[in-house]
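# Residue-level structural notes
Single-letter residue listing:
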Amino acid sequence: MQQGMRMVRNDLRNHMNIFVFIFVLFIMGMVFGAVIVNSMNFVQKQDLFFYLKQFFEQNMDTAGMTKMTLWKDSMFYHLKYMLLLFLLGISVIGMPVITVLLFVKGLVVGFSVGFLVNQMGWYGMLLSAVSIAPHNLIIIPIYLVAGSLALIFSLTLCRQLFIRKVHQPIIKGFVRYSLFFGVLILFLMLSSVIEVFFSNTLLEYVLKWIYK
């Protein structure tokens, strides 16, 4: 157990630059998403806000949908995303795609929060706080760690293939890589529970209060 923890600390220390790069990339995506909101003209914002209101009204109408169905949909989405990152990590050509995926993830979060606040003011901030923040406090770090691990493993494969002096036990590294992803998926299951049974419930109450 202690040896395993020591190996994890060594990995973090040796690849800290990659973790920092992924974090900065995600923040840049969020900033870019907020900039996109400010660059939209009035008509574009009104059209998008119209569809957003329709989504809110649909959410209120389907409030009776079973939570288990929503949880399954949420888990299926996260599993697909994690599987994609996992597969990109074991491919040499996956590195640029990993960075693009994480940048887009940040862009979506930044755009969503920025648009809600831009169009609805304090109400938008409240909606962001109840519908986006709670589960994303777990989901975002998980995706950042998963993306970093995928990038690290892909770089390891590149060194193994193109630098003859580098000889690392790939099978052992792949097993650790798979175990880490398995643990992250377990945490995603927790985040899906929070998303469906906590965030969605809060969103329903807030929407009824705003549109009553």
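Look a little higher up for the structure.
Residues numbered from 1 in each chain as written. Predicted model: local features only at pLDDT ≥ 70, side-chain atom pairs only at ≥ 80, totals over all residues. Heavy atoms only, no water.

### Concerning the packing of helix α4 (residues 67-89) against helix α8 (residues 170-210)
- Look at α4 against α8: their axes get within 9 Å of each other, and the N-to-C directions meet at 150°. Judged by the angle between their axes, α4 and α8 are roughly antiparallel. In this structure, the crossing between α4 and α8 has a hand that is right-handed.
- Here the residues of the contact of α4 with α8 sort into 17 nonpolar, seven polar and three charged. (Axes fitted to C-alpha atoms, helices over the stretch in contact; angles between N-to-C directions. Helix = DSSP H or I, 4+ residues; strand = E, 2+ residues; numbered from the N terminus. Parallel < 35°, antiparallel > 145°, perpendicular 65-115°, else oblique. Left-handed = near helix turned anticlockwise from the far one by under 90°. Nonpolar A, V, L, I, M, F, W, Y, C, P; charged D, E, K, R; others polar.)

### Quick word on the side chain of S128
- Inspection of the secondary structure assignment puts S128 in helix α6 (residues 122-131).
- The buried category is assigned to S128, whose relative accessible area is 7%.
- A distance of 2.9 Å separates a polar side-chain atom of S128 from the backbone oxygen of G124.
- The residues touching S128, leaving out its near neighbours within four places in the chain, are V113, L116 and A133. (Buried < 20%, exposed > 50% of the residue type's maximum accessible area, 1.4 Å probe, protein only. Polar contact = N/O pair within 3.5 Å; in protein donor to acceptor, adjacent residues only side chain to side chain. Contact = heavy atoms within 4.5 Å.)

### Quick look at the packing of aromatic side chains
- Applying the stated criterion across every chain yields a total of ten aromatic pairs.
- Pairing F86 with Y177 gives two aromatic rings, centres 4.9 Å apart and planes at 15°, and the pair type is stacked. One end of the pair, F86, is in helix α4; the other, Y177, is in helix α8, with 91 residues separating them in the sequence.
- The exposure class assigned to Y177 is buried, which follows from its relative accessible area of 4%.
- One aromatic cluster is present, formed by F86, F153, F174, Y177 and F181 through successive ring pairs.
- Looking at K105, its charged tip hangs above the ring of Y81, at a distance of 4.7 Å from the centre. (Phe/Tyr/Trp six-rings, centres within 6.5 Å; stacked < 30°, edge-to-face > 60°. Lys NZ or Arg CZ within 6 Å of the ring centre and 35° of its normal.)

### Brief notes about a nonpolar patch on the surface
- A cluster of nonpolar side chains, contributed by M16, V20, F23, V24, I27, M28, V31 and V35, occupies part of the molecular surface with about 690 Å² of accessible area.
- By the element assignment, I27 lies in helix α2 (residues 16-39).
- Judged by its relative accessible area of 34%, I27 falls in the partly exposed class. (Patch = residues over 30% accessible without salt bridge, like charges linked within 9 Å, V, L, I, M, F, W, Y side chains within 5 Å. Areas by Shrake-Rupley, 256 points an atom, 1.4 Å probe, with all protein chains shown as cover. Salt bridge = Lys/Arg side-chain N within 4 Å of Asp/Glu carboxyl O.)

### What about the nonpolar core?
- Among the nonpolar cores identified, the biggest contains 30 residues, and M82, L85, Y143, Y177 and F181 are the most heavily contacted of them.
- At the level of elements, α2, α4, α5 (95-120), α7 (133-162) and α8 are the ones that each hand at least two residues to this core.
- Considering every element that reaches this core, the biggest residue donor is α7, with twelve residues.
- When neighbours within four sequence positions are excluded, F181 is seen to be in contact with M82, L85, F86, A146, L149 and A150.
- The next biggest cluster of nonpolar side chains, apart from the first, holds 13 residues, and it includes F115, L116, V130 and I210. (Core = buried A, V, L, I, M, F, W, Y, C linked by side-chain atoms within 4.5 Å.)

### Concerning the environment of V193
- With respect to the element layout, V193 can be found in helix α8.
- V193 sits in the partly exposed class, given a relative accessible area of 35%.
- Separated by 126 residues in sequence, V193 and K67 place their C-alpha atoms 9.3 Å apart.
- In this view, V193 contacts W71 and F198; residues no more than four positions away in its chain are not counted.

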